[in-house]
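Results of the structural survey
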Amino acid sequence: MLHIFFGPDSFSQREALRALKAELDSDGMLESGTSVFDGRQVTPQEVVAACESAPFSSSQRLVIVEGLLQHVGRGPQGRRSRRPSAPADEGPWQALVDCVDRMPATTTLVLVDGDVPSGGPLLSALSGKGRVRQFRPPQRGALPDWIQRRAQALGLRIDRRAVSLLVSLVDNDLWTLAAELEKLAAYANGQPVREEDVRALVSAGDIEIWGLLDAIVEGRPSAALKLLRRLFAQGREASYVLSMLQRQYRRLAIAREMLDGGATSRAIGQQLGASHYGLEKLLEQAARHPLSGVRRAYRHLLEADVAIKRGIYDEELALELLVQALGVAPARAV
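Summarised in this report is the structure supplied together with it.

Quick notes on the rules
Think of each chain on its own: its residues are numbered from 1, step by step along the sequence as written. Selection of residues for local features in this predicted model requires a pLDDT of at least 70, selection of side-chain atom pairs for listing and counting requires 80 or more, and totals for whole chains, interfaces and linings are taken over all residues. Heavy atoms from the whole structure form the basis of all side-chain values; hydrogens and water molecules are not counted. Patch building starts from residues that exceed 30% relative accessible area and form no salt bridge, then joins like charges within 9 Å and nonpolar side chains (Val, Leu, Ile, Met, Phe, Trp, Tyr) within 5 Å. Exposure was quantified through the Shrake-Rupley algorithm and a 1.4 Å probe, taking into account, for residues, occlusion by the shown protein chains and nothing else. The working definition used for a salt bridge is a side-chain nitrogen of Lys or Arg within 4 Å of a carboxyl oxygen of Asp or Glu. In this tally, Lys and Arg are treated as positive and Asp and Glu as negative; His is ignored, and so are the chain termini. Here the site of a charge means NZ on Lys, CZ on Arg, CG on Asp, or CD on Glu. Elements are defined by DSSP. Helices are runs of H or I of four residues or more, strands are runs of E of two residues or more, and each kind is numbered from the N terminus. For the exposure calls, accessible area comes from a 1.4 Å probe over protein chains only, and a residue counts as buried if that area is under 20% of its type's maximum, exposed if over 50%, partly exposed in between. We define a nonpolar core as any set of buried Ala, Val, Leu, Ile, Met, Phe, Trp, Tyr and Cys residues linked to one another through side-chain atoms lying within 4.5 Å. Only heavy atoms enter the contact rule, under which two residues are in contact if any of them lie within 4.5 Å. The pairing criterion for strands is at least two bridges between them, as found by DSSP. Crossovers are described as right-handed under a simple rule: with the strands pointing away from the observer, the path leading from the first strand over the helix to the second runs clockwise. In this description, the arc belongs to the directions extending from the helix axis to the C-beta atoms. Where helices are involved, their axes are fitted lines through C-alpha atoms of the stretch in contact, as for all axes, and angles between N-to-C directions lie from 0 to 180°. In this scheme, roughly parallel covers angles under 35 degrees and roughly antiparallel covers those over 145, while 65 to 115 is roughly perpendicular and the rest are oblique. Left-handed is the label given to a crossing in which the near helix is rotated counterclockwise from the far helix by less than a right angle, and right-handed is the label when the rotation is clockwise. Residue polarity is assigned by list, with Asp, Glu, Lys and Arg as charged and Ala, Val, Leu, Ile, Met, Phe, Trp, Tyr, Cys and Pro as nonpolar; anything else, Gly included, falls into the polar class.

1. Quick notes on a negative patch on the surface
Together, E237, D314, E315 and E316 make up a negatively charged patch on the protein surface. Among the secondary structure elements, D314 is positioned in the loop between α15 (291–309) and α16 (315–332). The partly exposed category is assigned to D314, whose relative accessible area is 49%.

2. Examining the nonpolar core
L212, I216, L245, Y249, L319, L322 and L326 are the most contacted members of the largest nonpolar core, which has 38 residues in total. Of all elements in the fold, only α10 (204–217), α11 (221–233), α12 (238–260), α13 (265–272), α14 (276–286), α15 and α16 reach the threshold of two or more residues within this core. The contacts of L245, once residues within four sequence positions are left out, are L213, I216, L301, L322 and L326. Formed by 25 residues, the second largest nonpolar core is a distinct cluster that contains V100, L109, V116 and L122.

3. Some remarks on the pairing of strand β2 (residues 34–38)
As judged from the five bridges shared by β2 and strand β3 (residues 61–66), these two strands associate in the parallel manner. Bridged to D38 within β3 is E66. A crossover links β2 with its parallel partner β3, the connecting element being helix α2 (residues 44–52), and its sense is right-handed.

4. Digging into α2
Considered for burial, the residues of α2 that qualify are P44, V47, V48, A50 and C51. Looking straight down α2, one finds its buried side chains confined to an arc of 160 degrees; they lie on one side. Residues of α2 that are buried sit in contact with β2, β3, α4 (94–100) and β4 (107–112).

5. A closer look at the packing of helix α6 (residues 143–153) against helix α8 (residues 174–188)
Between α6 and α8, whose axes approach to 10 Å, the crossing angle comes to 40 degrees. Classified by the angle between their axes, α6 and α8 sit oblique to one another. Read as a crossing pair, α6 and α8 show a hand that is right-handed. Contact residues: α6 offers L143, W146, I147, R150 and A151, while α8 offers L174, L177, A178 and L181. Here the contact of α6 with α8 is composed, by residue class, of eight nonpolar, no polar and one charged.

6. A look at unusual backbone geometry
A positive phi angle, near 65 degrees, is found at D171, a position not held by glycine. As for its position among the elements, D171 is in the loop between α7 (160–170) and α8. Residue classification places D171 among the partly exposed positions, given a relative accessible area of 33%.

7. Side note on the sheet that holds β3
Spatially, the five strands line up as an open sheet ordered β2-β3-β4-β1-β5, and their pairing is parallel. Every other strand in the sheet has two partners, leaving β2 and β5 (131–134) as the edge strands with one partner each. Across this sheet, the average inter-strand angle for adjacent strands is 15 degrees, counted without regard to direction. Where strand β1 (residues 2–6) and β5 come together, four bridges link them in parallel fashion. Pairing of I4 across the sheet is with V132, part of β5. Of the strands in this sheet, β2, β3 and β4 touch α2, which is tilted by about 160 degrees from β3.

See below:
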């Protein structure tokens, strides 16, 4: 069976992927029968071989490919081609298109990706062969209902004013909303959460620093610059922002190296002291960044640090230049 999950809402994608794994894991052995590939580096032959292999210790085989649909639609320099998409049967990935029709019943193939043009060659070729779901973040007006449903699943009671404050602080970053709701549930211990509880536990400054890190790592430099300037306006020190960036890319490097070595998500979480949505988000980001891209980011971090210490640029300008350089790094990392 083929599943295609794509769109900018990576949180809901991961929720859907988790639900699919739970559905497939009838014998508790699915992890041993799961293969995960980076779509920018894997070959058609590797994916086809994984899809055609019978499961060994598990009753099901799960093959997950991250970022393939966007990669196939890009030109040789990693930029999206402006030419009309070539027919699917002209490319090497036609082998995968053909494979989907003959996969064993025990194989489930999942393609996970971000925004993909509706006319993308591989998406167009595969759309009629499986289940396709596009994920978009909820509009701001739908967020209160989303928060209430999420809270109810956690056994958390949260009043209307507290929900409105959460929306104003976090907006539609579902990763952060889910993490903050977990924190509130642990704090409330069965009691209703009110507006004053949200004010006490949810720091706008902390949310913005994590939002900045996400925007940079996910290649959204314009959003990152806005958040950086807002942090400066709040009095955040450049040294603090730089140290948080260094920490984030160090964690990405470790996660990526462990992923490439075949480590499980549990092992990565134990190594980094990460769990729940923090771990899932880190793994989702690491899947997009080959080690070559992380090394490139480290060079930018070092250059910014040197520029500040030698007085080449003032701290704020050095960080703005750094954010711009890091923000475009993922698109070049192929």
